[in-house]
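Reading the structure
For reference, the chains in residue letters:
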Amino acid sequence: MKPFSELSAEELAMENLFIRWVRFPDDPPIRSFWENWILKYPAMRETVANAREIVLTASDWKPEMLSGQEVNSIWDRIINSLDIRAEREPGEASGSLLRSRLNTKSIILGIISMAVLMMLYFFLFSSTR
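Quick summary incoming for the structure in this document. (Residues numbered from 1 in each chain as written. Predicted model: local features only at pLDDT ≥ 70, side-chain atom pairs only at ≥ 80, totals over all residues. Heavy atoms only, no water.)

Here the focus is the overall build of the chain. Looking only at helices and strands, the chain features six helices and zero strands. Starting at the N terminus, the α and β elements of the chain follow one another as α-α-α-α-α-α. Of all 129 residues assigned to the chain, the portion counted as buried reaches 14%. As displayed, the chain offers around 10,900 Å² of accessible surface, 62% of which is attributable to carbon and sulfur atoms. (Helix = DSSP H or I, 4+ residues; strand = E, 2+ residues; numbered from the N terminus. Buried < 20%, exposed > 50% of the residue type's maximum accessible area, 1.4 Å probe, protein only. Areas by Shrake-Rupley, 256 points an atom, 1.4 Å probe, with all protein chains shown as cover.)

To continue, consider the pattern of salt bridges. One pass over the full model with this rule turns up three salt bridges. A salt bridge links Glu11 to Lys2; its shortest N-O distance comes to 3.4 Å. For the salt bridge of Asp27 with Arg20, the shortest nitrogen-to-oxygen distance reads 3.5 Å. Note on Arg20: relative accessible area 42%, which makes it partly exposed. (Salt bridge = Lys/Arg side-chain N within 4 Å of Asp/Glu carboxyl O.)

Running from N to C, helix α2 (residues 16-23) and helix α3 (residues 28-40) cross one another at 105°; their axes reach a closest spacing of 9 Å. Of the possible angle classes, the one that applies to α2 and α3 is roughly perpendicular. Facing Leu17, Phe18, Arg20 and Trp21 of α2, the residues of α3 in contact are Ile30, Arg31, Phe33, Trp34 and Ile38. Grouping the amino acids of the contact of α2 with α3 by side-chain chemistry returns seven nonpolar, no polar and two charged. (Axes fitted to C-alpha atoms, helices over the stretch in contact; angles between N-to-C directions. Parallel < 35°, antiparallel > 145°, perpendicular 65-115°, else oblique. Contact = heavy atoms within 4.5 Å. Nonpolar A, V, L, I, M, F, W, Y, C, P; charged D, E, K, R; others polar.)

Glancing now at the nonpolar core. Counting 16 residues, the largest nonpolar core has Leu12, Phe18, Trp21, Trp34, Trp37 and Val48 as the members making the most contacts within it. Looking at this core, the elements with two or more residues in it are α1 (9-12), α2, α3 and α4 (45-60). Take this core: its biggest share by element is four residues, from α3. When near neighbours in sequence (up to four residues on either side) are disregarded, Trp34 contacts Phe4, Leu12, Leu17, Phe18 and Trp21. (Core = buried A, V, L, I, M, F, W, Y, C linked by side-chain atoms within 4.5 Å.)

Turning to α3, a few remarks are in order. Taking 1.5 Å per residue, 13 residues should reach 18 Å; α3 reaches 18 Å between its end C-alpha atoms and fits that length. Where α3 is concerned, the buried positions are Ile30, Trp34, Trp37 and Ile38. Buried residues along α3 cover an arc of 100° about the axis, so they all sit on one side. Exposed and facing more than 90 degrees away from the buried side of α3 are Pro29, Leu39 and Lys40. For α3, the secondary structure elements touched by its buried residues are α1, α2 and α4. (Expected span 1.5 Å × (residues − 1). Arc of directions from axis to C-beta.)

Take a look at the structure:
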C-alpha cells in the first residue's frame, strides 16, 4: 500500500479513513490526523481538495427511482420475452414441466420418509422404557 502522500485524488477518495474524515468532519481523532497530515504535506492540499469533492459528490449520488408505470413496463417485457421463448422452444417447456413434477415428487417422498423415520424412532424410544 502506498503512503497517502503518494496517492492521486481518486486513490485518496477511496481510502476509508479519508472518506470518514470528509463525511464526519467532527470526529476529533480523525480530524486531528488529517489536519496534521495536511500541515506535514502542504503540497497535497490540491489533491486533498479534489479527493474531498469526489467523496462529497459520490455521497450525494442517489440512483433514479423508477415509477410504478416503468416497473410494470419492465415486468411486461420480461414476461413477454419468456412467453416468446416458450413458444419458440416447446421441448424445453415440457422439460421444465417434467422437472417441476419430479421436484414435487421428491418433496412428497422426503416428507413421507421423515414421517416413517419419526414413527420408527418413537416406536423404538417408547419400547425401551
